[in-house]
Amino acid sequence: MDILDIYNTHNHFGMLLGMTYSIINSGEVSYSLEVKQEHLATKTAAHGGLLAGFMDAVIGVAALSAVVADKKVVSTIEFKISYLKPALLGDRLIGKGLVLQKGNRIIVTEGKIYNQHNELICIATGTLNAYPFEKSDFNS
């Protein structure tokens, strides 16, 4: 059983948005997303919900990558996002997620999203809950 393969198969939201990721190390990920017409809230700027959804994936998979060896999955308890610059149509966004603290159940993360010019678009901190894979709906 590869929990990440199962996650990838069932993450329809990520597929819909065209998000892709790579795991750098346990607890550290890099995500990418291209801002498309359907992501816009104005003529040129992405909706904040796109960035929030993307950020949730960035911090979530960072946390997930830190607990898969323990046969656990994660769910977001909360996160705070600060928007610094707009993400524009055609921007190639890179999300960097990092686990700051991993407990038995609670994981604290940080996320940063940059555009293709390495300009910081938004930052976040998040708290996630780790729990056994057997208790997840992936297991049903």
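Look up a bit, the structure's there.
1. Overview of the pairing of strand 4 (residues 92-102)
So, point 1. As paired elements, strand 2 (residues 28-34) and strand 4 share seven bridges and run antiparallel to each other. When the bridges of strand 4 are listed, valine 29 appears paired with glycine 97.
So, point 2. Two elements, strand 4 and strand 5 (residues 106-114), share eight bridges in a ladder whose sense is antiparallel. Paired with leucine 98 across the two strands is glutamate 110, which belongs to strand 5.

2. A closer look at the environment of leucine 84
So, point 1. Position of leucine 84 relative to the elements: it lies in the loop between strand 3 (72-83) and strand 4.
So, point 2. Given the relative accessible area of 46%, leucine 84 is considered partly exposed.
So, point 3. Separated by 35 residues in the primary sequence, leucine 84 and glutamate 119 place their C-alpha atoms 9.5 Å from one another.
So, point 4. With near-sequence residues (within four places) excluded, leucine 84 lies in contact with Leu120, Ile121, Cys122 and Ile123.

3. As for helix 1 (residues 3-10)
So, point 1. Among the residues making up helix 1, those that are buried are Ile3, Leu4 and Tyr7. All buried residues of helix 1 fall inside an arc of 95 degrees around its axis, so they share one side.
So, point 2. On its buried face, helix 1 is in contact with strand 1 (20-25), strand 2, helix 3 (48-67) and strand 3.

4. Thoughts on the pattern of salt bridges
So, point 1. Per the counting criterion, the structure on display carries two salt bridges.
So, point 2. Aspartate 70 is the partner of lysine 102 in a salt bridge, and the nearest nitrogen-oxygen pair spans 3.1 Å. Of this pair, lysine 102 sits in strand 4 while aspartate 70 is found in the loop between helix 3 and strand 3, placing the two residues 32 residues apart along the sequence.
So, point 3. The salt bridge partner of glutamate 119 is lysine 85, with a shortest N-O separation of 3.8 Å. Note that glutamate 119 is positioned in the loop between strand 5 and strand 6 (120-132) and lysine 85 in the loop between strand 3 and strand 4, a separation of 34 residues in sequence.
So, point 4. On the basis of relative accessibility, which here comes to 36%, the residue lysine 85 falls in the partly exposed class.

5. A word on the environment of asparagine 129
So, point 1. When you line up the elements, asparagine 129 lands in strand 6.
So, point 2. Measuring from C-alpha to C-alpha, the distance between asparagine 129 and glycine 103 comes to 9.4 Å, with 26 residues separating the pair along the chain.
So, point 3. Beyond its immediate chain neighbours, meaning those up to four positions away, asparagine 129 contacts Val73, Val74, Ser75, Ile77 and Arg105.
So, point 4. At 3.3 Å, the side chain of asparagine 129 and the side chain of arginine 105 are in polar contact.

6. Here's the deal with unusual backbone geometry
So, point 1. Even without a glycine there, the phi angle at lysine 71 is positive, about 60 degrees.
So, point 2. Counting through the fold element by element, lysine 71 comes out in the loop between helix 3 and strand 3.
So, point 3. Its identity as a non-glycine residue notwithstanding, asparagine 118 has a phi of 65 degrees, on the positive side.
So, point 4. Tracing the backbone shows asparagine 118 in the loop between strand 5 and strand 6.

Rules used throughout
- Residues numbered from 1 in each chain as written.
- Predicted model: local features only at pLDDT ≥ 70, side-chain atom pairs only at ≥ 80, totals over all residues.
- Heavy atoms only, no water.
- Pairing = 2+ DSSP bridges.
- Helix = DSSP H or I, 4+ residues; strand = E, 2+ residues; numbered from the N terminus.
- Buried < 20%, exposed > 50% of the residue type's maximum accessible area, 1.4 Å probe, protein only.
- Contact = heavy atoms within 4.5 Å.
- Arc of directions from axis to C-beta.
- Salt bridge = Lys/Arg side-chain N within 4 Å of Asp/Glu carboxyl O.
- Polar contact = N/O pair within 3.5 Å; in protein donor to acceptor, adjacent residues only side chain to side chain.

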